[in-house]
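# Architecture and fold: a report
Residue-level listing of the chains:
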Amino acid sequence: TIQRGMQGQVAAGHCCSLAFVDEEKAARVIDKVAKAGITVITLPSCNLVLMGRGIHPAPRGTTPVAALLGRGVPVCAASDNVGDPFNPFGAYDPLAIAQLNAHVAHMSSEEGLRASLRMVTETPAEMLGLGAGVIAVGRQADLVVLDTRQTADAVLCPPPRLGTFKAGQLIVQTGFERQWHDPGFVEKES
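Let me sum up the structure you'll find in this document. Bear in mind the structure is a predicted one, so any value in this text is a computation, not a measurement.

## So, the sheet that holds strand 2 (residues 39-42)
- Reading across from one edge, 1-2-3 is the order of the three strands in this open sheet, with parallel pairing throughout. Two strands bound the open sheet, and with one partner strand each, they are strand 1 (11-13) and strand 3 (75-77). Neighbouring strand axes in the sheet, compared pairwise and without regard to direction, differ in orientation by 25 degrees on average.
- With three bridges connecting them, strand 1 and strand 2 associate as parallel partners. Looking across to strand 2, one finds that glycine 13 is bridged to isoleucine 41.

Structural data, given as structure tokens:
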């Protein structure tokens, strides 16, 4: 990547071998990845199903996300296998992957949850040159509206998607009705 001047243009998926080497070797590799400007894509669902079979105790076998982020490596979270012989789980849901990643990578702090959400939103868009996270006049309006007021809730308990917009046009709208039968349990506005 460095020899060809392709910093910031290369992504590597899985990278689970870093979970099986000692910390010193992993640190050397991660430093080289950071210097080369490579984006790493962790695939927690697939790697949890596939890695460590026959090893006791079974290792997680997932990318060391915290170590990569700590050295400035951009990290995305995704799944490359869904409902197939390699991984029967999943539904191509980025919020479910963000939640699984937060579990596996021990990202349960407020900042960890936000980072896990960025790994399925802003970081992949930046990697693809799409200028993520900016809502402004004149920008492409591709977005999903979530039924939540707290950013962390998008990862802690992925909420219903109320609307999905592509190029500013509503393409999917989800409605639901909530009816409280006991007035003592009515939610209070925060």
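## Side note on the pairing of strand 2
- Because side chains alternate across strand 2, one face comprises the buried residues Thr39 and Ile41, and the other comprises Val40 and Thr42, equally buried.
- Pairing between strand 2 and strand 3: three bridges, direction parallel. Across the sheet, the residue bridging to valine 40 is valine 75, located in strand 3.

## A look at a nonpolar patch on the surface
- A cluster of nonpolar side chains, Met127, Leu128 and Leu130, forms an exposed patch at the surface whose accessible area comes to about 300 Å².
- In this structure, leucine 128 sits in the loop between helix 6 (122-127) and strand 4 (143-146).

## Focus on the sheet that holds strand 6 (residues 169-173)
- Strand order in the open sheet formed by three strands is 4-5-6, and the pairing between neighbours is antiparallel. Of all strands in the sheet, those bounded by a partner on one side alone are strand 4 and strand 6. Within this sheet the neighbouring strands show an average axis-to-axis angle of 25 degrees, counted without direction.

## Examining unusual backbone geometry
- The phi angle at tyrosine 92 is positive, at roughly 55 degrees, despite the residue not being glycine.
- Assignment of secondary structure puts tyrosine 92 in the loop between strand 3 and helix 4 (94-104).
- In this structure, histidine 106 is a non-glycine residue whose phi angle is positive, near 55 degrees.
- Note that histidine 106 resides in the loop between helix 4 and helix 5 (110-118).
- Under the relative-accessibility criterion, histidine 106 is labelled exposed at 60%.

## Description of the packing of helix 4 against helix 5
- Axis separation between helix 4 and helix 5 bottoms out at 9 Å; the angle between their running directions is 140 degrees. With respect to helix 5, the axis of helix 4 lies oblique. Relative to helix 5, the crossing made by helix 4 is right-handed. Across from Leu95, Ala98, Asn101 and Ala102 in helix 4, the residues of helix 5 making contact are Leu113, Ser116 and Leu117.
- For the contact of helix 4 with helix 5, the residue count by class is five nonpolar, two polar and no charged.

## Focus: the pattern of salt bridges
- Summed over the entire model, instances satisfying the criterion amount to six salt bridges.
- A salt bridge links glutamate 24 to arginine 28, with the nearest nitrogen and oxygen atoms 3.3 Å apart. Note that glutamate 24 and arginine 28 are positioned in helix 1 (residues 23-36) at a spacing of four residues, about one turn of the helix.
- With a closest N to O distance of 3.1 Å, lysine 166 and aspartate 142 form a salt bridge. Of this pair, lysine 166 sits in strand 5 (residues 161-166) while aspartate 142 is found in the loop between helix 6 and strand 4, placing the two residues 24 residues apart along the sequence.

About the thresholds
- Residues numbered from 1 in each chain as written.
- Predicted model: local features only at pLDDT ≥ 70, side-chain atom pairs only at ≥ 80, totals over all residues.
- Heavy atoms only, no water.
- Pairing = 2+ DSSP bridges.
- Helix = DSSP H or I, 4+ residues; strand = E, 2+ residues; numbered from the N terminus.
- Axes fitted to C-alpha atoms, helices over the stretch in contact; angles between N-to-C directions.
- Buried < 20%, exposed > 50% of the residue type's maximum accessible area, 1.4 Å probe, protein only.
- Patch = residues over 30% accessible without salt bridge, like charges linked within 9 Å, V, L, I, M, F, W, Y side chains within 5 Å.
- Areas by Shrake-Rupley, 256 points an atom, 1.4 Å probe, with all protein chains shown as cover.
- Salt bridge = Lys/Arg side-chain N within 4 Å of Asp/Glu carboxyl O.
- Parallel < 35°, antiparallel > 145°, perpendicular 65-115°, else oblique.
- Left-handed = near helix turned anticlockwise from the far one by under 90°.
- Contact = heavy atoms within 4.5 Å.
- Nonpolar A, V, L, I, M, F, W, Y, C, P; charged D, E, K, R; others polar.

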